[in-house]
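The residues making up each chain are set out below.
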Amino acid sequence: SLLIISALLAGMTGELIWMAAPFGLLLLWVSLLDFRKIYYLLLFSIPFSIEMTLPGGFGTDFPSEPLMLLLTGLSLLFFLIKAPKLKGNFFRHPITVLLFIHLVWIFFTSLTSSQPVVSFKFFAAKLWYVVTFYFLGSYLLKDERSLRLFFWLWVIAITTTVVVVLVRHAGIGFSFKEVHT
């Protein structure tokens, strides 16, 4: 019924974004149940991501960056809830400390920036990459099974992307001029 309501809203308003609403709700539901699946979906989707320009001049890589943003929020909540149970040696590691100092430095320099909107956008992008791929990745990809799953998801996705690109490029005779179109 949610699909029917979404289709009706899309038809009445002319905005196709309403068709994505059921999938967004499903994604949110799955992420609250087990965000590992969303993390693996992110890892699988990276080779398929495309740059999209949004209203207001903002651009994003879809679907990877919205998934990173969702996972960043979930990660921050998860780490705040689980903080007493997490091992402190990871947070004392020199790379972790340097990344934390780096993020704090970007935040404070954004406060004094002559272009604060650009600076905070840069900070937000750094934050969602570091939190998702370093902190959450370090937590989720620590046993052999999860590393194998990561490896095969990546290999399947990147191989599919390479094959599609090669076939499409062969269709235009491997022309350098037309490769971007």
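Rules of the game
The numbers attached to residues start from 1 for each chain and follow its sequence in the written order. Owing to the predicted nature of the model, reporting of local features is limited to residues with pLDDT of at least 70; listing and counting of side-chain atom pairs is limited to 80 or more, with chain, interface and lining totals taken over all residues. Excluded from the side-chain calculations are hydrogens and water; all other atoms, namely the structure's heavy atoms, are used. Here, any two strands with at least 2 DSSP bridges between them count as paired. The numbering of helices and of strands both runs from the N terminus, where a helix is a DSSP run of H or I of at least 4 residues and a strand a run of E of at least 2. Side-chain atoms within 4.5 Å link the members of a nonpolar core, which is a set of buried Ala, Val, Leu, Ile, Met, Phe, Trp, Tyr and Cys residues. Buried means the residue's accessible area, taken with a 1.4 Å probe over protein chains only, is under 20% of the maximum for its type, while exposed means over 50%, and partly exposed covers the values in between. Only heavy atoms matter for contacts: two residues are in contact if any of them lie within 4.5 Å across the pair. Pairs of N or O atoms are called polar contacts if they sit within 3.5 Å, as long as, within protein, a hydrogen donor faces a hydrogen acceptor (for residues adjacent in sequence, only side-chain-to-side-chain pairs). A pair of aromatic rings is counted whenever rings of Phe, Tyr or Trp (Trp by its six-membered ring) have centres within 6.5 Å, and the orientation is called stacked for planes under 30 degrees apart, edge-to-face for over 60 and tilted otherwise.

Student: Even after reading the chapter, I still don't get the pairing of strand 2 (residues 59-62), so can you show me in this structure?
Tutor: Strand residues, when the strand is regular, have side chains that alternate between the two faces of the sheet. Summarising the sheet, strand 1 (residues 50-53) and strand 2 pair through 4 bridges and their orientation is antiparallel. Opposite methionine 52, over in strand 2, you have threonine 60 as the bridge partner. Where strand 1 folds back onto strand 2 in an antiparallel hairpin, the turn is made up of 5 residues, including glycine 56, whose phi is positive at roughly 90 degrees.

Student: Please clarify how the nonpolar core should be interpreted in this entry.
Tutor: It is characteristic of soluble globular proteins that their nonpolar side chains tend to be buried jointly. The biggest cluster of nonpolar side chains holds 23 residues, and the ones touching the most others in it are Phe35, Tyr39, Leu71 and Leu136. Every element with two or more residues in this core is listed here: helix 3 (35-45), helix 4 (64-82), helix 6 (94-111) and helix 7 (116-140). With 7 residues, the single largest contributor to this core is helix 7.

Student: Would you mind showing me how to read the side chain of serine 75 here?
Tutor: The residue serine 75 is located in helix 4 in this model. By relative accessible area, which is 0% here, serine 75 ends up buried.

Student: Any chance you could explain the environment of threonine 60 here in plain terms?
Tutor: One can find threonine 60 in strand 2. For threonine 60, a relative accessible area of 13% translates into the label buried. Residues threonine 60 and serine 49 lie 11 residues apart in sequence; the distance between their C-alpha atoms is 9.4 Å. When neighbours within four sequence positions are excluded, threonine 60 is seen to be in contact with Ile50, Glu51, Met52, Leu54, Glu65 and Pro66. A polar contact of 2.9 Å, which involves the side chain of threonine 60, links it to the side chain of glutamate 65.

Student: Would you mind showing me how to read the packing of aromatic side chains here?
Tutor: If you walk through the whole model with that rule in mind, you get 16 aromatic pairs. Centroid distance phenylalanine 90 to phenylalanine 135: 6.0 Å. Interplanar angle 85 degrees. Geometry classified as edge-to-face. Residue phenylalanine 90 is located in helix 5 (residues 88-91), and its partner phenylalanine 135 is located in helix 7; the two are separated by 45 residues in the primary sequence. Classification of phenylalanine 90 by relative accessible area gives partly exposed; the value is 23%. Looking at phenylalanine 135, the relative accessible area reads 12%, which means it is buried. Put simply, the rings of Phe35, Phe78, Phe79 and Tyr139 touch in pairs and so form one group of aromatic residues.

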